[in-house]
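Chain and residue survey
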Amino acid sequence: MTITIKGLTKSFDDTPVLRGIDLTVRDGELLALLGPSGSGKTTLLRIIAGLEWPDAGQLVVAGEDWLALSAQQRRIGFVFQHYALFPHMTVRDNIAFGLSVRPRAARPGNAEIAQTVDELLNLLQIEHLADRHPAQLSGGQRQRVALGRALAIRPSVLLLDEPFGALDAAIRRDLRRWLREVHEKTGSTTIFVTHDQEEAFELADRVVVMGDGEILQIGTADDLYDAPACPFVARFMGAVVELPVNISDGRATARGLDASALPVTSAPDGPGRLFLRPDSIALIPDPASPWQLSRKISTGADLRLTLLGPEGQEIPVDLPRRSAPPVEISQTYRLRPSVGALFSDDAAGAAATPIRLSA
Ligand SMILES: Nc1ncnc2c1ncn2[C@@H]1O[C@H](COP(=O)(O)OP(=O)(O)OP(=O)(O)O)[C@@H](O)[C@H]1O
(Lines give C-alpha, C1' and ligand atoms only; values in the text may rest on other atoms or scores of the structure.)
Protein backbone atom coordinates (compact mmCIF):
# COMPACT_ATOMS: atom_id res chain seq x y z
CA MET A 1 0.00 0.00 0.00
CA THR A 2 1.51 3.32 -1.04
CA ILE A 3 0.81 6.18 1.37
CA THR A 4 0.75 9.69 -0.11
CA ILE A 5 0.60 12.64 2.26
CA LYS A 6 0.29 16.18 0.92
CA GLY A 7 0.22 19.54 2.71
CA LEU A 8 -0.81 18.04 6.04
CA THR A 9 -1.15 20.61 8.85
CA LYS A 10 -2.28 20.29 12.45
CA SER A 11 -2.42 22.72 15.37
CA PHE A 12 -3.33 22.15 19.01
CA ASP A 13 -4.72 25.28 20.69
CA ASP A 14 -3.33 27.53 17.93
CA THR A 15 0.15 25.98 18.28
CA PRO A 16 1.25 24.42 14.98
CA VAL A 17 2.43 20.85 15.50
CA LEU A 18 2.57 19.79 11.83
CA ARG A 19 3.44 22.57 9.37
CA GLY A 20 2.78 21.14 5.93
CA ILE A 21 3.95 17.54 5.64
CA ASP A 22 4.56 16.08 2.17
CA LEU A 23 5.61 12.45 2.21
CA THR A 24 5.26 9.33 0.08
CA VAL A 25 5.78 5.96 1.72
CA ARG A 26 6.39 3.25 -0.88
CA ASP A 27 4.49 -0.01 -0.95
CA GLY A 28 6.19 -2.50 1.39
CA GLU A 29 8.66 0.07 2.70
CA LEU A 30 9.86 0.24 6.29
CA LEU A 31 10.17 3.95 7.00
CA ALA A 32 11.45 5.51 10.24
CA LEU A 33 10.30 8.87 11.59
CA LEU A 34 13.21 10.24 13.58
CA GLY A 35 13.28 13.48 15.53
CA PRO A 36 13.53 15.05 18.95
CA SER A 37 10.69 15.00 21.43
CA GLY A 38 7.81 17.24 20.39
CA SER A 39 8.71 17.32 16.68
CA GLY A 40 5.29 15.92 15.70
CA LYS A 41 6.12 12.26 14.96
CA THR A 42 3.35 10.73 17.06
CA THR A 43 0.79 13.26 15.82
CA LEU A 44 1.59 12.30 12.23
CA LEU A 45 1.27 8.61 13.08
CA ARG A 46 -2.06 9.17 14.85
CA ILE A 47 -3.44 11.05 11.84
CA ILE A 48 -2.49 8.12 9.58
CA ALA A 49 -4.18 5.76 12.05
CA GLY A 50 -7.40 7.84 12.12
CA LEU A 51 -7.04 8.66 15.83
CA GLU A 52 -6.49 12.35 15.07
CA TRP A 53 -7.63 14.59 12.21
CA PRO A 54 -5.55 17.19 10.34
CA ASP A 55 -6.64 20.81 9.85
CA ALA A 56 -5.75 20.61 6.16
CA GLY A 57 -4.06 18.33 3.65
CA GLN A 58 -4.49 14.96 2.00
CA LEU A 59 -3.90 11.36 3.05
CA VAL A 60 -4.29 8.88 0.22
CA VAL A 61 -3.52 5.17 0.68
CA ALA A 62 -3.51 2.84 -2.34
CA GLY A 63 -5.56 5.45 -4.22
CA GLU A 64 -8.21 5.77 -1.49
CA ASP A 65 -8.93 8.98 0.47
CA TRP A 66 -8.29 7.88 4.05
CA LEU A 67 -9.55 11.12 5.57
CA ALA A 68 -13.01 9.93 4.50
CA LEU A 69 -12.56 6.66 6.45
CA SER A 70 -12.86 5.90 10.17
CA ALA A 71 -10.01 4.29 12.09
CA GLN A 72 -11.73 0.86 11.88
CA GLN A 73 -12.24 1.12 8.14
CA ARG A 74 -8.51 1.78 7.62
CA ARG A 75 -7.50 -1.62 9.07
CA ILE A 76 -4.34 -0.34 10.74
CA GLY A 77 -2.02 -2.40 12.91
CA PHE A 78 -0.75 -0.15 15.71
CA VAL A 79 1.87 -0.97 18.36
CA PHE A 80 2.67 1.55 21.10
CA GLN A 81 5.57 1.79 23.53
CA HIS A 82 3.41 0.46 26.35
CA TYR A 83 1.01 -1.85 24.64
CA ALA A 84 -1.77 -2.96 26.93
CA LEU A 85 -2.29 -6.65 26.39
CA PHE A 86 -5.40 -8.07 28.02
CA PRO A 87 -4.06 -9.44 31.32
CA HIS A 88 -6.75 -12.11 31.73
CA MET A 89 -6.19 -13.58 28.27
CA THR A 90 -3.45 -15.97 27.15
CA VAL A 91 -0.94 -14.99 24.49
CA ARG A 92 -2.93 -17.02 21.98
CA ASP A 93 -6.19 -15.22 22.83
CA ASN A 94 -4.53 -11.82 22.82
CA ILE A 95 -3.25 -12.41 19.30
CA ALA A 96 -6.61 -13.73 18.14
CA PHE A 97 -8.49 -10.80 19.66
CA GLY A 98 -8.75 -8.53 16.59
CA LEU A 99 -10.18 -11.39 14.53
CA SER A 100 -12.53 -12.85 17.11
CA VAL A 101 -14.27 -9.52 17.82
CA ARG A 102 -15.17 -8.92 14.19
CA PRO A 103 -18.89 -8.82 13.35
CA ARG A 104 -20.17 -12.31 12.59
CA ALA A 105 -20.33 -11.78 8.80
CA ALA A 106 -16.67 -10.71 8.60
CA ARG A 107 -15.31 -13.08 11.27
CA PRO A 108 -13.18 -16.01 10.09
CA GLY A 109 -14.16 -19.46 11.42
CA ASN A 110 -12.56 -20.73 14.65
CA ALA A 111 -10.28 -23.11 12.76
CA GLU A 112 -9.07 -20.33 10.49
CA ILE A 113 -8.41 -18.02 13.46
CA ALA A 114 -6.46 -20.81 15.21
CA GLN A 115 -4.38 -21.37 12.07
CA THR A 116 -3.60 -17.64 11.70
CA VAL A 117 -2.54 -17.47 15.35
CA ASP A 118 -0.34 -20.57 14.96
CA GLU A 119 1.35 -19.03 11.94
CA LEU A 120 2.02 -15.80 13.83
CA LEU A 121 3.32 -17.60 16.93
CA ASN A 122 5.75 -19.38 14.64
CA LEU A 123 6.75 -16.22 12.72
CA LEU A 124 7.30 -14.28 15.94
CA GLN A 125 9.16 -17.21 17.59
CA ILE A 126 6.86 -17.29 20.61
CA GLU A 127 5.17 -20.70 20.18
CA HIS A 128 6.39 -21.77 23.61
CA LEU A 129 4.59 -18.82 25.20
CA ALA A 130 1.17 -19.45 23.63
CA ASP A 131 -0.61 -20.47 26.83
CA ARG A 132 0.99 -17.94 29.17
CA HIS A 133 -0.63 -14.77 30.46
CA PRO A 134 0.99 -11.32 29.94
CA ALA A 135 2.14 -11.14 33.59
CA GLN A 136 4.30 -14.23 32.92
CA LEU A 137 6.19 -12.56 30.05
CA SER A 138 9.26 -10.30 29.85
CA GLY A 139 8.95 -6.82 28.32
CA GLY A 140 10.48 -7.96 25.04
CA GLN A 141 8.16 -10.98 24.86
CA ARG A 142 5.15 -8.73 25.49
CA GLN A 143 6.11 -6.48 22.59
CA ARG A 144 6.36 -9.55 20.34
CA VAL A 145 2.84 -10.52 21.36
CA ALA A 146 1.68 -6.92 20.76
CA LEU A 147 3.10 -7.10 17.27
CA GLY A 148 1.38 -10.45 16.75
CA ARG A 149 -1.90 -8.89 17.74
CA ALA A 150 -1.36 -6.00 15.30
CA LEU A 151 -0.43 -8.38 12.46
CA ALA A 152 -3.31 -10.82 13.01
CA ILE A 153 -5.84 -8.59 11.26
CA ARG A 154 -3.56 -8.51 8.20
CA PRO A 155 -3.22 -4.76 8.49
CA SER A 156 -3.12 -2.59 5.40
CA VAL A 157 -0.46 -0.47 7.12
CA LEU A 158 1.57 -1.18 10.26
CA LEU A 159 2.34 1.74 12.58
CA LEU A 160 4.86 1.37 15.41
CA ASP A 161 5.31 4.17 17.95
CA GLU A 162 8.56 3.61 19.86
CA PRO A 163 7.60 -0.05 20.30
CA PHE A 164 10.88 -0.91 22.03
CA GLY A 165 11.25 2.37 23.90
CA ALA A 166 10.71 0.87 27.34
CA LEU A 167 13.18 -2.01 26.92
CA ASP A 168 16.87 -2.14 27.73
CA ALA A 169 19.53 -1.66 25.08
CA ALA A 170 20.51 -5.31 24.47
CA ILE A 171 16.91 -6.47 24.08
CA ARG A 172 16.17 -3.53 21.78
CA ARG A 173 19.02 -4.60 19.50
CA ASP A 174 17.71 -8.18 19.32
CA LEU A 175 14.17 -7.03 18.64
CA ARG A 176 15.34 -4.69 15.88
CA ARG A 177 16.94 -7.51 13.98
CA TRP A 178 13.90 -9.66 14.57
CA LEU A 179 11.47 -6.93 13.41
CA ARG A 180 13.48 -6.45 10.22
CA GLU A 181 13.14 -10.19 9.52
CA VAL A 182 9.41 -10.15 10.29
CA HIS A 183 9.01 -7.18 7.96
CA GLU A 184 10.84 -8.97 5.16
CA LYS A 185 8.45 -11.91 5.53
CA THR A 186 5.18 -9.93 5.80
CA GLY A 187 6.06 -7.06 3.43
CA SER A 188 3.64 -4.69 5.22
CA THR A 189 4.11 -1.00 4.56
CA THR A 190 5.42 0.05 7.96
CA ILE A 191 6.08 3.39 9.66
CA PHE A 192 8.22 3.31 12.76
CA VAL A 193 8.63 6.25 15.18
CA THR A 194 11.83 6.54 17.17
CA HIS A 195 14.17 9.13 18.59
CA ASP A 196 17.05 6.64 18.55
CA GLN A 197 19.26 7.23 15.49
CA GLU A 198 20.92 3.84 15.58
CA GLU A 199 17.53 2.12 15.71
CA ALA A 200 16.22 4.19 12.79
CA PHE A 201 19.20 3.45 10.55
CA GLU A 202 19.49 -0.22 11.40
CA LEU A 203 15.82 -0.89 10.76
CA ALA A 204 14.56 1.40 8.08
CA ASP A 205 14.86 1.55 4.30
CA ARG A 206 14.69 5.35 4.55
CA VAL A 207 14.72 7.72 7.49
CA VAL A 208 12.61 10.88 7.72
CA VAL A 209 14.11 13.51 10.05
CA MET A 210 11.46 15.73 11.62
CA GLY A 211 12.03 18.95 13.54
CA ASP A 212 9.40 21.31 14.87
CA GLY A 213 6.53 19.96 12.77
CA GLU A 214 8.42 19.82 9.49
CA ILE A 215 10.24 17.19 7.46
CA LEU A 216 13.83 18.42 7.30
CA GLN A 217 15.37 15.61 5.26
CA ILE A 218 14.64 12.13 3.96
CA GLY A 219 17.46 9.72 3.24
CA THR A 220 19.71 6.85 4.21
CA ALA A 221 22.21 7.03 7.07
CA ASP A 222 24.97 7.97 4.62
CA ASP A 223 22.89 10.75 3.02
CA LEU A 224 22.07 12.31 6.38
CA TYR A 225 25.54 11.87 7.84
CA ASP A 226 27.54 13.12 4.87
CA ALA A 227 25.16 15.72 3.44
CA PRO A 228 22.84 17.12 6.11
CA ALA A 229 20.31 19.49 4.51
CA CYS A 230 20.40 22.10 7.28
CA PRO A 231 22.21 22.96 10.51
CA PHE A 232 19.51 21.22 12.56
CA VAL A 233 20.11 17.86 10.83
CA ALA A 234 23.90 18.36 11.06
CA ARG A 235 23.64 18.85 14.82
CA PHE A 236 21.15 16.02 15.19
CA MET A 237 23.57 13.70 13.36
CA GLY A 238 26.34 14.46 15.84
CA ALA A 239 28.23 17.36 14.25
CA VAL A 240 29.15 18.95 17.57
CA VAL A 241 31.99 21.11 16.29
CA GLU A 242 30.75 24.36 14.77
CA LEU A 243 33.52 26.47 13.30
CA PRO A 244 32.91 30.08 12.24
CA VAL A 245 34.39 30.40 8.73
CA ASN A 246 34.43 32.60 5.70
CA ILE A 247 32.93 31.15 2.53
CA SER A 248 34.68 31.91 -0.70
CA ASP A 249 33.87 30.13 -4.00
CA GLY A 250 31.97 27.44 -2.10
CA ARG A 251 34.88 26.65 0.22
CA ALA A 252 35.31 27.31 3.94
CA THR A 253 38.37 29.29 5.00
CA ALA A 254 39.60 30.07 8.50
CA ARG A 255 42.96 30.33 10.21
CA GLY A 256 44.34 26.90 10.89
CA LEU A 257 41.71 25.16 8.75
CA ASP A 258 42.52 23.08 5.67
CA ALA A 259 39.15 22.37 4.00
CA SER A 260 40.67 21.05 0.77
CA ALA A 261 39.34 17.51 1.39
CA LEU A 262 35.74 18.77 1.55
CA PRO A 263 33.60 19.09 -1.57
CA VAL A 264 32.93 22.54 -3.01
CA THR A 265 29.41 23.67 -2.07
CA SER A 266 26.96 26.16 -3.53
CA ALA A 267 26.92 28.23 -0.31
CA PRO A 268 27.15 31.95 -1.14
CA ASP A 269 30.28 33.97 -0.33
CA GLY A 270 30.31 35.54 3.14
CA PRO A 271 30.34 34.46 6.77
CA GLY A 272 29.33 30.89 7.44
CA ARG A 273 29.66 27.97 9.70
CA LEU A 274 31.33 24.61 9.21
CA PHE A 275 29.85 21.62 11.10
CA LEU A 276 32.34 18.86 11.90
CA ARG A 277 32.49 15.63 13.86
CA PRO A 278 35.32 14.92 16.30
CA ASP A 279 36.14 11.63 14.52
CA SER A 280 36.52 13.17 11.06
CA ILE A 281 39.29 15.70 11.69
CA ALA A 282 42.95 14.95 10.91
CA LEU A 283 45.66 17.04 12.58
CA ILE A 284 48.61 18.31 10.52
CA PRO A 285 51.57 19.82 12.46
CA ASP A 286 51.70 23.53 11.57
CA PRO A 287 53.59 26.14 13.61
CA ALA A 288 51.51 28.91 11.94
CA SER A 289 48.17 27.46 13.07
CA PRO A 290 46.41 28.95 16.11
CA TRP A 291 45.04 25.54 17.22
CA GLN A 292 47.09 24.15 20.09
CA LEU A 293 46.77 20.66 21.57
CA SER A 294 45.78 21.18 25.19
CA ARG A 295 44.61 17.74 26.34
CA LYS A 296 45.26 14.13 25.35
CA ILE A 297 43.44 11.17 26.89
CA SER A 298 43.54 7.55 25.74
CA THR A 299 40.51 5.30 26.08
CA GLY A 300 42.53 2.33 24.80
CA ALA A 301 40.82 2.34 21.42
CA ASP A 302 40.84 6.09 20.81
CA LEU A 303 42.78 9.21 21.62
CA ARG A 304 40.46 11.94 22.88
CA LEU A 305 42.14 15.23 22.11
CA THR A 306 41.21 18.83 22.83
CA LEU A 307 42.51 21.72 20.77
CA LEU A 308 42.47 25.24 22.08
CA GLY A 309 41.73 28.06 19.64
CA PRO A 310 42.94 31.67 19.51
CA GLU A 311 39.97 33.00 21.45
CA GLY A 312 39.88 30.26 24.03
CA GLN A 313 37.50 28.03 22.05
CA GLU A 314 37.97 24.29 22.49
CA ILE A 315 37.26 21.62 19.93
CA PRO A 316 37.28 17.87 20.52
CA VAL A 317 39.10 15.54 18.11
CA ASP A 318 38.96 11.74 18.35
CA LEU A 319 41.57 9.62 16.60
CA PRO A 320 41.90 5.81 16.54
CA ARG A 321 44.91 5.30 18.86
CA ARG A 322 46.80 2.65 16.86
CA SER A 323 46.71 4.43 13.51
CA ALA A 324 46.99 8.02 14.80
CA PRO A 325 50.18 9.95 14.02
CA PRO A 326 52.07 11.02 17.16
CA VAL A 327 50.75 14.27 18.63
CA GLU A 328 52.27 16.39 21.39
CA ILE A 329 50.70 18.62 24.00
CA SER A 330 51.35 22.34 23.34
CA GLN A 331 52.15 21.77 19.66
CA THR A 332 49.96 23.54 17.08
CA TYR A 333 48.05 21.74 14.34
CA ARG A 334 46.05 22.54 11.25
CA LEU A 335 42.57 21.00 11.20
CA ARG A 336 41.96 18.89 8.13
CA PRO A 337 38.38 17.55 8.17
CA SER A 338 37.43 14.69 5.85
CA VAL A 339 33.67 15.25 6.24
CA GLY A 340 31.85 18.46 7.03
CA ALA A 341 28.72 20.45 6.29
CA LEU A 342 29.01 24.09 5.33
CA PHE A 343 26.16 26.60 5.65
CA SER A 344 26.14 30.33 5.19
CA ASP A 345 25.05 32.34 8.22
CA ASP A 346 21.89 33.22 6.29
CA ALA A 347 20.85 29.55 6.13
CA ALA A 348 17.87 28.91 8.36
CA GLY A 349 18.80 28.39 11.97
CA ALA A 350 22.55 28.91 11.66
CA ALA A 351 22.76 32.56 12.57
CA ALA A 352 20.10 32.30 15.25
CA THR A 353 21.99 29.82 17.42
CA PRO A 354 25.01 30.50 19.56
CA ILE A 355 28.40 29.24 18.43
CA ARG A 356 29.33 26.08 20.25
CA LEU A 357 32.82 24.79 19.87
CA SER A 358 32.94 21.89 22.23
CA ALA A 359 30.98 18.73 22.83
N1 LIG B 1 -3.90 16.20 22.18
C2 LIG B 1 -3.01 17.20 22.27
N3 LIG B 1 -3.37 18.40 22.77
C4 LIG B 1 -2.47 19.43 22.82
N5 LIG B 1 -1.18 19.33 22.43
C6 LIG B 1 -0.77 18.16 21.94
C7 LIG B 1 -1.65 17.03 21.83
N8 LIG B 1 -0.95 15.99 21.29
C9 LIG B 1 0.31 16.44 21.09
N10 LIG B 1 0.43 17.73 21.46
C11 LIG B 1 1.65 18.58 21.36
O12 LIG B 1 2.12 18.51 20.03
C13 LIG B 1 3.54 18.51 19.97
C14 LIG B 1 4.02 17.32 19.15
O15 LIG B 1 3.74 16.14 19.89
P16 LIG B 1 4.07 14.68 19.33
O17 LIG B 1 3.65 13.71 20.38
O18 LIG B 1 3.48 14.53 17.98
O19 LIG B 1 5.64 14.76 19.22
P20 LIG B 1 6.69 13.56 19.11
O21 LIG B 1 7.69 14.00 18.10
O22 LIG B 1 6.01 12.28 18.87
O23 LIG B 1 7.34 13.60 20.56
P24 LIG B 1 7.82 12.34 21.52
O25 LIG B 1 9.08 11.81 20.89
O26 LIG B 1 8.07 13.04 22.82
O27 LIG B 1 6.70 11.37 21.57
C28 LIG B 1 4.02 18.52 21.41
O29 LIG B 1 4.37 19.83 21.75
C30 LIG B 1 2.80 18.05 22.20
O31 LIG B 1 2.79 18.63 23.49
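Going by the structure above, here's the rest.
Because the structure is a prediction, the values reported are computed rather than measured. Here the residue numbering is sequential within each chain, running from 1 through the sequence in written order. Given that this is a predicted model, residues contribute local features only at a pLDDT of at least 70 and side-chain atom pairs are listed and counted only at 80 or more, while totals for whole chains, interfaces and linings are drawn from all residues.

The strand order across the open sheet built from six strands is β6-β7-β8-β3-β9-β10, with neighbouring strands paired in mixed fashion. Because the sheet does not close on itself, it has two edges, and the strands there are β6 (76–79) and β10 (214–219). When strand polarity is set aside, the average angle formed by the axes of neighbouring strands in this sheet is 20 degrees. When DSSP finds at least two bridges between two strands, those strands are taken to pair. Every helix listed is a DSSP run of H or I at least four residues long, and every strand listed is a run of E at least two residues long, numbered separately from the N terminus. Pairing of β6 with strand β7 (residues 157–161) involves four bridges; the strand directions are parallel. Bridged to Val 79 within β7 is Leu 160. C-beta atoms are placed from the backbone for every residue, and two residues are taken to be in contact when these atoms lie within 7 Å. Note on geometry: axes are C-alpha line fits, over the in-contact stretch for helices, and angles between N-to-C directions span 0 to 180 degrees. Against the sheet, helix α1 (residues 41–49) makes contact with β3 (30–34), β6, β7, β8 (189–194) and β9 (206–211), and its axis sits at roughly 150 degrees relative to β7, the strand it touches most. Sheet strands in contact with helix α5 (residues 139–152) are β6 and β7, and its direction is about 170 degrees off that of β6.

What follows covers the environment of Arg 177. With respect to the element layout, Arg 177 can be found in helix α6 (residues 169–186). With C-beta atoms placed from the backbone, a residue counts as buried when 20 or more other C-beta atoms lie within 10 Å of its own, as exposed when 12 or fewer do, and as partly exposed for counts between those limits. Residue class for Arg 177 comes out exposed when judged on the 11 C-beta atoms lying within 10 Å of it.

For helix α3 (residues 91–100), the complete set of buried residues consists of Val 91, Arg 92, Asn 94, Ile 95 and Ala 96. Along its buried surface, α3 packs onto α4 (110–123) and α5.

Let's shift gears to the environment of Pro 326. Looking at where Pro 326 falls in the secondary structure, it is placed in the loop between β17 (314–320) and β18 (333–337). Taking the number of C-beta atoms within 10 Å as the measure of exposure, Pro 326 has 6 and is therefore exposed. The spacing of Pro 326 and Ala 204 is 122 residues in sequence and 40 Å in space, taken between C-alpha atoms.

This next bit is on unusual backbone geometry. Positive phi is not limited to glycine here, since Asp 13 has a value of about 50 degrees. On the basis of neighbour count, Asp 13 is assigned to the exposed category, with 5 C-beta atoms found within 10 Å. Positive phi values are uncommon outside glycine, yet Arg 75 reaches one of about 55 degrees. When you line up the elements, Arg 75 lands in the loop between α2 (71–74) and β6. We classify Arg 75 as partly exposed; it has 14 C-beta atoms within 10 Å.

Note that every value here comes from positions in space, so none of it alone points to a role or purpose.
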